[in-house]
Amino acid sequence: AMISCYGENDGEINTTVSGGIGPYEYEWLPNGETSANLNGVESGMYILRVTDELECEVIDSIEVKDPLPLTTELYAYDPSCYNYSDGRITLIPRGGTVSGNYNIYWPELDIYGQEADSLSAGAYNVTITDLNNCRVDTSAELFEPDSIYIIKEITDPDCPDIFNGVISIQVN
């Protein structure tokens, strides 16, 4: 009776009734359905009352559960210097229908896996799916530090034997 993806309403409840004298009447609470099986149910508690031809009844319940939400932790490491391509993004997916079995795709890079490396500054999208094709999309942006440049200023001395010249260097 499990739901395929967190928050969906595609659960099913299938019943098998034996004993008593048929035909049987079915009543589901809280929705009032009168069929033996339910389709398209959301998470929650469902109570079934089955009554046979002699009006003997049995009541049972079942809980339909959502799987854990599919989420991810994302760690982004910016390039170390201006115009370098040594950035990295690491994902740690969690939850979903079968924890630990994920398909992780980076469309801009056309690669699969938990980590993308050798990255320059920019935005990167990633799609994570689990075994039931439940999906979460996320993105990260890497930033590069400013470029380094030198400003130099030279003032020549007034005369050859006068030591009043100046060399000024500023690194930005």
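Presented here is an overview of the structure given in this document. Given the structure is predicted, the values throughout are model-derived calculations rather than measurements.

**A word on the state of the cysteines**
Under the defined criterion, the tally for this structure stands at one disulfide. Each sulfur in the disulfide pair C5 and C134 lies 1.9 Å from the other. On the S-S bond that ties C5 to C134, the torsion sits near -95°, and the link is left-handed. Of this pair, C5 sits in the segment before β1 (11-13) while C134 sits in the loop between β11 (122-129) and β12 (135-142), and the two are 129 residues apart along the sequence.

**Focus on the packing of aromatic side chains**
Applying the stated criterion to the full structure yields one aromatic pair. Look at Y105 and Y112: their rings are 4.7 Å apart centre to centre, the planes differ by 40°, and that puts the pair in the tilted class. Between R88 and the ring centre of Y77, over which it is positioned, the NZ or CZ distance is 4.2 Å.

**Quick look at unusual backbone geometry**
Residues G22 and P23 are joined by a peptide bond in cis, for which omega reads 5°. Structurally, P23 is set in the loop between β1 and β2 (25-29). The omega angle of the peptide bond from L29 to P30 is 20°, so this bond is cis rather than trans. Relative to the assigned elements, P30 resides in the loop between β2 and β3 (38-41). Its identity is not glycine, yet E55 carries a phi of approximately 65°, on the positive side.

The rules we used
- Residues numbered from 1 in each chain as written.
- Predicted model: local features only at pLDDT ≥ 70, side-chain atom pairs only at ≥ 80, totals over all residues.
- Heavy atoms only, no water.
- Disulfide = S-S within 2.5 Å.
- Helix = DSSP H or I, 4+ residues; strand = E, 2+ residues; numbered from the N terminus.
- Phe/Tyr/Trp six-rings, centres within 6.5 Å; stacked < 30°, edge-to-face > 60°.
- Lys NZ or Arg CZ within 6 Å of the ring centre and 35° of its normal.

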